[in-house]
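# Structural description and commentary
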Amino acid sequence: MFCHSDPSGCVRKTDFETSQNYTTTTVALVTSSSDNKVNVMSAEWSIRVSIDPFLIGLLVGYERETYKLIKDSGEFGLSYCSDMQGDLAHIAGNYSLKDTDKFGIGKFKTFPSKYINAPLLEGSISNYECRVIDEFEMGDHAAFVGKVLEGYYDDERKPLVFHHGKFFHLGERIKK
Ligand SMILES: Cc1cc2nc3c(=O)[nH]c(=O)nc-3n(C[C@H](O)[C@H](O)[C@H](O)COP(=O)(O)O)c2cc1C
């Protein structure tokens, strides 16, 4: 890390890895299922990438068990965390199906999807059922493009905010 001073005199710290801590996202619980296995993984890297058709891009590391299950099944579920689901986002993002049954150690309550085999999470702010229509290599992650088959929401819940490696509640609205 070193300091950078631009011509206006503004001084800022320079380090592209650390700078990533200053972005703000939310977290989705990605559900996947194949060959009698069901898994859940946390992902901050998912976003809508097309309005019509409704497509969502999801980035998954090749070494994740979730990668294998999505690759095999061609489907995934997304359950965007409410601010009551920080504990689940922690478990889903820090344990792997390689050695842990995450559903066994966390209070993951699911409901069945209509169009895909993987279930979705109760208590989330929104959920999507997605069918993979494309996959790209993005450096060390696979970018899955999912066509949204169904969407759900709960307007009583507030989103989980992920910033600087920690979970937060959404703050107050800023007036224009
Ligand atoms: C808050 C949070 C966000 C994460 N976001 C992503 C992500 O967008 N993509 C990804 O591949 N891994 C992400 N991870 C890491 C995976 O969730 C983690 O490696 C998980 O253990 C993979 O589980 P699996 O091997 O059972 O699929 C994230 C982890 C946390 C805690």
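Residues numbered from 1 in each chain as written. Predicted model: local features only at pLDDT ≥ 70, side-chain atom pairs only at ≥ 80, totals over all residues. Heavy atoms only, no water.

## Observations concerning the site of the ligand
Near the ligand there are 22 residues, and of these S42, G61, T66, Y95 and S96 occur at the shortest range. Within the contact set of the ligand, a nitrogen atom lies 3.0 Å away from a backbone nitrogen or oxygen of E44. Calculation on the ligand without its partners gives an accessible area of 650 Å², and the protein chains cover 88% of this total. Of all the secondary-structure elements, those providing two or more residues to the shell around the ligand are β5 (37-43), β7 (55-61), α2 (65-73) and α3 (86-94). Per-element tally for the shell around the ligand: the top contributor is β5, with 4 residues. Split into classes, the residues belonging to the shell around the ligand amount to 10 nonpolar, 8 polar and 4 charged. (Near = heavy atom within 4 Å. Polar contact = N/O pair within 3.5 Å; in protein donor to acceptor, adjacent residues only side chain to side chain. Areas by Shrake-Rupley, 256 points an atom, 1.4 Å probe, with all protein chains shown as cover. Helix = DSSP H or I, 4+ residues; strand = E, 2+ residues; numbered from the N terminus. Nonpolar A, V, L, I, M, F, W, Y, C, P; charged D, E, K, R; others polar.)

## A short note on the pattern of salt bridges
One pass over the structure, following the stated rule, counts 6 salt bridges. Residue K71 is joined to E135 by a salt bridge in which the shortest nitrogen-to-oxygen separation is 2.8 Å. One end of the pair, K71, is in helix α2; the other, E135, is in strand β11 (residues 126-138), and 64 residues separate them in sequence. Residue classification places K71 among the partly exposed positions, given a relative accessible area of 47%. By relative accessible area, which is 26% here, E135 ends up partly exposed. Linking E150 and K114 is a salt bridge whose minimum nitrogen-to-oxygen distance equals 2.8 Å. Linking E150 in strand β12 (residues 141-153) with K114 in the loop between β9 (110-111) and β10 (120-121), this pair joins segments that are 36 residues apart in sequence. Residue class for K114 comes out exposed when judged on its relative accessible area of 53%. (Salt bridge = Lys/Arg side-chain N within 4 Å of Asp/Glu carboxyl O. Buried < 20%, exposed > 50% of the residue type's maximum accessible area, 1.4 Å probe, protein only.)

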